[in-house]
Amino acid sequence: MKRCLPASGAAMGILTAFSLLTGCGNHNMSALDPQGPVGKSELNLIYLSTGIMTFVVVVVTVIYIYVVWRYRERPGDEEKGIPEQVAGSKKLEVLWTVIPIMLLIVLAVPTIATTFSLKEKPDPADSLRINVTGYQYWWGFEYPEQKVTTANEVHIPTGKKVDLIMTAHDVIHAFWVPSLGGKQDLSPGKTDRLVLQADKPGIYEGKCAELCGASHSLMNFRVIAHEPKDFDQWISSQQNPKSRPTVGRAEEGRRWVEQNCIGCHAVRGAGYRVLGRTGPELTAFGERTRIAGVLDNNRDNLKAWLKNPQDIKPGNRMPAFDHLSEKDLDAIVNYLQELK
Ligand code: HEC
Ligand SMILES: [Cu+2]
């Protein structure tokens, strides 16, 4: 179980509410347990605004309780006549205008400075560029310099700025990896930038954070961070995928895929021409940890997905292949699991 709340007890109640909202307790999915410099700077802003809010709530509550107690009705009040009237007091009006303005400035300056610094273009020499596209309901990732494309799982090196250039294919989505940073909206016809960095290797869960349709809540992805040398190895394995199967059943599956799937899915190096790219890249699919962001990648789940993707992710754009025989589905599964 991860440590979710900081030891310092300030504003525990509010932080508990935050931790529920950020999925605390979920593996690597808490904005309160940041795993990189961007997440840390965002957490500082959360602390700052929570601190200011707590200060205001405490001050107002104390004044309120004091006034109710101090000016309660007491015997003999009537003889004293009407109390002193202070409506329109210049001193008070100025005071309660200036204090909130000052608090807003204290909140605004670091917030705006941080927001802009997250959008600063990093030096291309020591950053990695990845193009991100949001689709209903999956994520496309392209490494333009390395000429690698993948989907739903994005691999990055640790200790390096990752320059994410984002757009959307259909409707607005939002890229959010709670423990690394975000969110950043992805809009059709527009590009936006988010720079992230992971300090340690590991799997960081991501989510779409903008309601985008029936399966919005299932639009999950993973950021997989590696030590730089392991990352280089991953890149070169992606550049030379093993896509021509040697075993019989898998070869049969390759033919089924060629006949049924290449209108939407690409498999690099598979020996056929890709016709369309409206679905996730399937190159090296056997190495993925999940299917469509929601199922563990194993044979049974893959078969269930092919038979009825709509059951698993309502409204997604993949047709069912329940008309194929069990044998043919097995062959396809063999092939996909062999892609490494
Ligand atoms: C009409 C286009 C289309 C066809 C044809 C199609 N798919 Fe898909 N497929 C999709 C889309 C779109 C998704 C993404 C669904 C989502 O997650 O929203 C998908 C997702 C998948 C995934 C999960 C990918 C991932 O990144 O986790 C697999 C595996 C898959 N398809 C296999 C196949 C196979 C095998 C065939 C052929 C038998 C096939 N698909 C035919 C559109 C298609
Ligand atoms: Cu979305």
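Everything below is about the structure printed above this text.
Throughout what follows, the structure given in this document is the object of discussion. What you see is a predicted model, and the numbers here were worked out from it, not measured in a lab.

1. Here we look at the packing of helix H2 (residues 37–70) against helix H4 (residues 90–118)
H4 packs onto H2 with a crossing angle of 165 degrees between their chain directions and a minimal axis gap of 11 Å. With respect to each other, H2 and H4 are oriented roughly antiparallel. Judged by the twist between their axes, the crossing of H2 over H4 is left-handed. Across the interface between the two elements, Val38, Ser41, Glu42, Leu45, Leu48, Ser49, Ile52, Phe55 and Val56 of H2 pack against Leu103, Val106, Leu107, Pro110, Thr111, Thr114 and Leu118 of H4.

2. Remarks on the sheet that holds strand S7 (residues 181–186)
Sheet architecture is open: five strands sit in the order S4-S10-S9-S6-S7, paired in mixed fashion. The sheet is open, and its two edges are formed by strand S4 (153–157) and S7, each paired on a single side. Across this sheet, the average inter-strand angle for adjacent strands is 20 degrees, counted without regard to direction. Here six bridges tie strand S9 (residues 202–208) to strand S10 (residues 220–226), and the two strands are oriented antiparallel to one another. Looking at S10, one finds that Gly202 is bridged to Ala225. Helix H5 (residues 228–239) contacts S4 and S10 of the sheet and is inclined by roughly 135 degrees relative to S4.

3. Details of the coordination of the copper ion (ligand 2)
Listed as protein donors to the copper ion (ligand 2) are His173 (ND1), Cys208 (SG), Cys212 (SG) and Met219 (SD); their distances from the metal cover 2.1 to 2.5 Å. Relative to the metal, the four donor atoms surrounding the copper ion (ligand 2) lie at angles of 92 to 124 degrees, and the coordination shape comes out tetrahedral. Here the donor residues of the copper ion (ligand 2) share one chain and are spaced in sequence as H-x34-C-x3-C-x6-M. On the criterion of sequence distance, the pair formed by Cys208 in strand S9 and Met219 in the loop between S9 and S10 is long-range, its members being 11 residues apart.

4. Examining the pattern of salt bridges
Throughout the structure, instances matching the rule amount to 17 salt bridges. Between Asp77 and Lys80 there is a salt bridge, with its nearest N and O atoms 4.0 Å apart. Here Lys80 and Asp77 lie together in helix H3 (residues 77–80), a separation of three residues that amounts to about one turn. Asp77 sits in the partly exposed class, given a relative accessible area of 29%. Taking the relative accessible area as the measure of exposure, Lys80 reaches 69% and is therefore exposed. Taking the shortest distance from any N to any O, the salt bridge between Lys303 and Asp330 comes out at 3.0 Å. On the criterion of sequence distance, the pair formed by Lys303 in helix H7 (residues 299–307) and Asp330 in helix H9 (residues 326–338) is long-range, its members being 27 residues apart. When its relative accessible area of 16% is taken as the criterion, Lys303 is described as buried. The exposure class assigned to Asp330 is partly exposed, which follows from its relative accessible area of 23%. Overlapping salt bridges, with partners in common, bring together Arg299, Lys303, Lys307, Glu326 and Asp330 in one network.

5. As for the coordination of the iron atom of ligand 1
Donor atoms from the polypeptide that bind the iron atom of ligand 1 are His265 (NE2) and Met318 (SD), placed at 1.9 to 2.0 Å. Residue class for Met318 comes out buried when judged on its relative accessible area of 13%.

6. As for the pairing of S9
Taken together, the two bridges between strand S6 (residues 173–177) and S9 define a ladder with antiparallel strand orientation. Bridging across to S9, Trp176 finds its partner in Lys207.

7. Brief notes about unusual backbone geometry
Most peptide bonds adopt trans geometry, and most residues besides glycine take a negative phi value. The omega torsion of the bond from Gln136 to Tyr137 falls at 0 degrees, within 30 degrees of zero and hence cis. Along the polypeptide, Tyr137 turns up in the loop between strand S1 (127–135) and strand S2 (138–143). With omega at 5 degrees, the peptide bond leading from Gly182 into Lys183 counts as cis. Looking at where Lys183 falls in the secondary structure, it is placed in strand S7.

8. Topic: the packing of helix H6 (residues 248–260) against H9
Between H6 and H9, whose axes approach to 7 Å, the crossing angle comes to 100 degrees. Classed by the angle they form, the pair H6 and H9 counts as roughly perpendicular. Taking contact as the criterion, the partners of Arg249, Ala250, Glu252, Gly253, Arg254, Trp256 and Val257 in H6 are, on H9, Lys327, Asp328, Asp330, Ala331, Ile332, Asn334, Tyr335 and Glu338. Of the residues in the contact of H6 with H9, the class split is six nonpolar, two polar and seven charged.

9. As for the nonpolar core
Grouped together as the largest cluster of nonpolar side chains are 33 residues, with contacts concentrated most on Ile130, Val132, Trp139, Tyr143 and Phe175. Residue contributions to this core peak at four residues, all from strand S5 (residues 161–168). Not counting residues within four places of it along the chain, the set of residues in contact with Tyr143 comprises Leu128, Arg129, Ile130, Val148, Thr150, Val154, His155, Phe231, Trp234 and Ile235.

10. Thoughts on the pairing of S7
Sheet topology note: the S6/S7 ladder contains five bridges and is antiparallel. When the sheet's bridge partners are listed, His173 is paired in S7 with Leu186. The antiparallel hairpin formed by S6 and S7 contains three residues in its connecting segment.

The rules behind each value
- Residues numbered from 1 in each chain as written.
- Chains lettered and ligands numbered in written order.
- Predicted model: local features only at pLDDT ≥ 70, side-chain atom pairs only at ≥ 80, totals over all residues.
- Heavy atoms only, no water.
- Axes fitted to C-alpha atoms, helices over the stretch in contact; angles between N-to-C directions.
- Helix = DSSP H or I, 4+ residues; strand = E, 2+ residues; numbered from the N terminus.
- Parallel < 35°, antiparallel > 145°, perpendicular 65-115°, else oblique.
- Left-handed = near helix turned anticlockwise from the far one by under 90°.
- Contact = heavy atoms within 4.5 Å.
- Pairing = 2+ DSSP bridges.
- Donors = N, O, S within 2.8 Å, 3.2 Å for Na, K, Ca; no water.
- Tetrahedral: all angles 85-135°; square planar, octahedral: opposite > 155°, others 65-115°.
- Salt bridge = Lys/Arg side-chain N within 4 Å of Asp/Glu carboxyl O.
- Buried < 20%, exposed > 50% of the residue type's maximum accessible area, 1.4 Å probe, protein only.
- Nonpolar A, V, L, I, M, F, W, Y, C, P; charged D, E, K, R; others polar.
- Core = buried A, V, L, I, M, F, W, Y, C linked by side-chain atoms within 4.5 Å.

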